[in-house]
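Residues per chain, in single letters:
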Amino acid sequence: MSSRQVQQIVTAHRQLEGAGFEVRRPLPSMGGVDTDPFLLLDEMGPVDYGPGEATGAPDHPHRGFETVSYLLQGRWVHEDSMGHSGFLGPGDVQWMTAGSGVVHSEMPAEDLRREGGRFHGFQIWVNLPARDKMMAPRYQEIPREQIPTANSEDGLARVQVIAGEALGVQAVIETRTPVVLQHWLLKPGAQIEQPVAPDHRAYLYVFSGALAVGPEGVEVRDGQMAVMGSGEGILLSTRGSGPSEALLLAGVPLGEPVARYGPFVMNTEEEIRQAMWDYQTGQMGRIQR
Ligand code: MN
């Protein structure tokens, strides 16, 4: 297996999102790295909220892409204009295909808002190909127990397989184009080589500890994203005495024009204007409460 080398390291910047919660955002990067088909990666927290402090993203639209929410700590409630609502807890995944459009709300659960507590999670935006941008919205809501997990033979590496395949385990979530999304936890001494198909672009975001990445063992630290070069496998091993955690993202680039305005991601400016019009005239519906 030809190992992918680290091509570039991007350090996440901090930014306020929604009604004012802080995220670490490696992507889109300040340097404008092209990460097709991924549009955004936000790490929310980890944060310890005091009573009344927790905030989220009240009613907002989406069209033309998918939003993936993956929680590690805390509890979130989401609602949308399709009449759908539910809770997300630690380890749960919501893979929402916004398609032609939904109005969405993502807020900390009532008890987290009232009493405060710890919150940590991710939101990832995956672009849709032109042919799917106006598809009917759909959800894949997968509780923690149903997210396939695998351990390396030596027990030093564990992976939650949200999308794609790892250590012989196949994800249950269905993606519109080939996408890999995996949460890796490596204990000290772990070394793995994860295959990633040559037609995929691959990114590794470290959010705890540090990892040595690629055949040259380039150090990627907490809050940094490695943009991987071409090849097949990705070689990972631990650095230092503590465990390390990372998200592996990979996908086949769409190679289509991207017109992007806030929560709308289409192919042309005309389609963006249409999306704004459709939202403003209520055609994406509203959340009934
Ligand atoms: Mn949303």
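Here the structure is shown first, and the text comes after it.
These figures come from a predicted structure and were not determined experimentally. (Residues numbered from 1 in each chain as written. Predicted model: local features only at pLDDT ≥ 70, side-chain atom pairs only at ≥ 80, totals over all residues. Heavy atoms only, no water.)

Asker: Where do I start with the sheet that holds strand S7 (residues 76-80) in this structure?
Answerer: Where strands meet in a sheet, backbone hydrogen bonds hold them as pairs that are either parallel or antiparallel. On the basis of which strands lie adjacent, the open sheet formed by 4 strands has the order S5-S10-S7-S8 and antiparallel pairing. Edge positions in the open sheet fall to strand S5 (57-62) and strand S8 (85-88), since each of these has one partner strand only. Averaged over all pairs of adjacent strands, the angle between strand axes in this sheet comes to 20°, irrespective of strand direction. Of the strand pairs in this sheet, S7 and S8 are connected by 4 bridges, and their pairing is antiparallel. Directly across from valine 77, in S8, lies its bridge partner phenylalanine 87. (Pairing = 2+ DSSP bridges. Helix = DSSP H or I, 4+ residues; strand = E, 2+ residues; numbered from the N terminus. Axes fitted to C-alpha atoms, helices over the stretch in contact; angles between N-to-C directions.)

Asker: Sorry, what's going on with the sheet that holds strand S24 (residues 244-251) here?
Answerer: Taking strand neighbours across the sheet as the criterion, the 7 strands line up as S1-S22-S19-S24-S17-S14-S13 in an open arrangement whose pairing is antiparallel. Each edge of the open sheet is held by one strand with a lone partner, namely strand S1 (6-11) and strand S13 (149-151). The sheet shows a mean angle of 20° between the axes of neighbouring strands, direction not considered. Where strand S14 (residues 157-163) meets strand S17 (residues 179-186), 6 bridges bridge the pair, whose relative direction is antiparallel. In the sheet register, glutamine 160 faces S17, and the bridge partner there is histidine 183.

Asker: Quick question: what am I supposed to make of the pairing of S24 here?
Answerer: The two faces of a sheet get side chains in turn, since along a regular strand they alternate between them. Most of S24 sits inside the fold, with 7 of its 8 residues counted as buried. Inspection of the sheet shows S17 paired to S24 by 8 bridges, in the antiparallel sense. Paired with histidine 183 across the strands is leucine 247, a residue of S24. Bridge analysis of strand S19 (residues 201-208) against S24 gives 7 bridges, and the strand direction is antiparallel. Directly across from leucine 204, in S24, lies its bridge partner leucine 248. (Buried < 20%, exposed > 50% of the residue type's maximum accessible area, 1.4 Å probe, protein only.)

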